[in-house]
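# Residue-level structure breakdown
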Amino acid sequence: MTLSNKLSDPRLFRQYAYVDGKWTHGDGNREEAVFDPATGETLGHIPWLEPHQITASVDAAEAAFVHWRALRADERCERLLAWYDLLQANREDLALLMTLEQGKPLPDARGEVEYGASFVRWFAEEGKRTFGETIPSHIPNAALGTLKEPVGIAALITPWNFPLAMITRKAAAAMAAGCTVIVKPAGETPFSALALAELAERAGIPAGVFNVVLGDPPEVSRILCGEDRVKALSFTGSTRVGRLLLEQCANTVKRVSLELGGNAPFIVGPDMDPKEAAFAAVAAKFQTAGQDCLAADRILVHESIHDAFVAHFAERMAALTVGNGQEGEIDLGPLIHRQAVEKAAAIVDDAISKGATMVAGDQSQAPGENFFMPVLLTGVTRDMKLWHEESFAPVAGITAYADDDQVIEMANDTEYGLAAYLYTHDIRRIWKVLRALEFGMVSVNSVKMTGPPVPFGGVKHSGLGREGGVTGIDEYLETKYYCLGALGSVSGS
Ligand SMILES: NC(=O)c1ccc[n+]([C@@H]2O[C@H](COP(=O)([O-])OP(=O)(O)OC[C@H]3O[C@@H](n4cnc5c(N)ncnc54)[C@H](O)[C@@H]3O)[C@@H](O)[C@H]2O)c1
Ligand SMILES: N[C@@H](CC=O)C(=O)O
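Everything quoted here is computed from the prediction, not taken from an experiment. (Residues numbered from 1 in each chain as written. Chains lettered and ligands numbered in written order. Predicted model: local features only at pLDDT ≥ 70, side-chain atom pairs only at ≥ 80, totals over all residues. Heavy atoms only, no water.)

## Some details on the sheet that holds strand β12 (residues 264–268)
Put simply, the test is: In short, DSSP must find at least two bridges between two strands for them to pair. Helix and strand assignments follow DSSP, with helices taken as H or I runs no shorter than four residues and strands as E runs no shorter than two, numbered in order from the N terminus. Helix axes are fitted to C-alpha atoms over the stretch in contact, other axes to C-alpha atoms as well, and angles between N-to-C directions run from 0 to 180 degrees. Residues count as neighbours in contact if any of their non-hydrogen atoms are within 4.5 Å of one another.
Strand order across the open sheet formed by 7 strands is β14-β15-β16-β13-β12-β17-β18, with mixed pairing between neighbours. Edge positions in the sheet fall to β14 (357–360) and β18 (441–444), since each has one partner strand and no second. Across the sheet, the mean angle from the axis of one strand to that of its neighbour is 25 degrees, orientation sign disregarded. Summarising the sheet, β14 and strand β15 (residues 375–378) pair through 3 bridges and their orientation is antiparallel. Considered in β15, the bridge of T357 is made with T378. Against the sheet, helix α12 (residues 338–353) makes contact with β14, β15 and β16 (395–401), and its axis sits at roughly 25 degrees relative to β15, the strand it touches most.

Structure representation (structure tokens):
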């Protein structure tokens, strides 16, 4: 059965790029296969656009910008809300597409569709609140103030782990601000992006406002980052590629937003119930099979409850089911590809060779070549890759600590600064640790921390800027200051 036959609406499965409102194939006959990571089956093919076709997407976005920015904010809001309604109405198909190309369990994929759609609704509304300000004038008979104006064309480059929400969190903000966008999704998961384009068209988003380009990643990004007409780049992905793109944007002095890697500490205080904390840590570590920028990568547990915590963690972890995300009650789907499995195995081997203890994680039970069974390691130390690198795999590492000062220092001992978790009910400890953590987001006694009202983003090498929340739209707005002089009757009010 082909993929389109599995969908209620077969037209949501597109194997073309989407430029200027047209489904487009590559002029050079280059293409890429897309696989189901659970089965290795080929789901379809996508074209790689040629350089002149990427430039044509910029032409289209430039032409569309003139009209899109001229709409009233409430007119853009109406179209974005129509898009939101279509995402909701097609939730099942979008979730199935996502599970097939990304591997995450269907309930998680449904959750991501909901999550991704929520950004469209949020920014549809926020677009109506891009207020400028009135500035009390220090210049005689002048009126001073600011206007908020769209920056122009935004290039949005996104990863495979959240194939839909990482696009809508950027695109909805940019489009609500009056910008036009060129999306370059990850080659592993293009079909969610293309379904978004199909639904954008049905929602009445004009041609050229939302474009999806496909191609060789370095080639596409070199063109988009080097294009002077592209005024903003928003990238979500690895720190390695983020650094590269930041350099590429230097010549054209673009607005750059970067949502990069994480290496989240999960700190458990001595006052915590070890079972409650261990169950929370399992949830924070294994979502999306550990392929999550918020994954609890370094679990730091007070020495007084360490052994009990490890026992509860192992018990909860043993109950996790691993398998094809389309089937039944699955907790963990496959990793995205075989290289990810090999990287996970190497990180585990490295930790064991440096003295970590493997409590659980029998890979002979893996249900396929892209699957990695959850691993629990104790005695993790700073010389191990598991401490410094984002494993992006279901590998949990636990380290004991002695006091708050030590755990703060340990938690901050990473180049990353995206998210941190803190589990304790001691308000003094909460305040002290929360303030001392060098992370953009700190979640206290809660695994869930994200959503549309939240300013999502990191410090240090985890990125630049914030997405979502009331400030997320600012990434796509310029502030224009005005001074209206010689007004005669106006004084400095
Ligand atoms: N901070 C966040 O909000 C957030 C959210 C999701 C994922 N991430 C991060 O994303 C990473 C995982 O995603 P990934 O493996 O897709 O990341 P990646 O950096 O390999 O790829 C991200 C995007 O960049 C493109 N790309 C890859 N190599 C490129 C190159 N040399 N030049 C130009 N473009 C290139 C890819 O095609 C993809 O579209 C993790 O580090 C994760 O933490 C961060
Ligand atoms: N889970 C994150 C994405 C990171 O990979 C989010 O909620 O945005």
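## Focus on the sheet that holds strand β5 (residues 134–135)
Taken in spatial order, the 3 strands line up as β5-β6-β20 in an open sheet, and their pairing is antiparallel. One side of each edge strand has no neighbouring strand; the edge strands of this open sheet are β5 and β20 (477–484). In the sheet, strand β6 (residues 143–150) pairs with β20 via 8 bridges, with the strands oriented antiparallel. Its bridge partner lying in β20, L147 is registered against K480.

## Overview of the environment of Q88
For clarity, the threshold we go by: Any pair of N or O atoms that falls within 3.5 Å is considered a polar contact. Within protein, one atom must be able to donate a hydrogen and the other to accept it, and sequence-neighbouring residues count only if both atoms are side-chain atoms.
Here Q88 shows up in helix α3 (residues 73–89). Each C-alpha atom of the pair Q88 and A117 lies 7.1 Å from the other, and the pair is 29 residues apart in sequence. Excluding residues that lie within four positions of it along the chain, Q88 makes contacts with E114 and A117. Within the structure, Q88 has its side chain in polar contact with the side chain of E114 (distance 3.2 Å).

These values are about where atoms sit, not about what they do.
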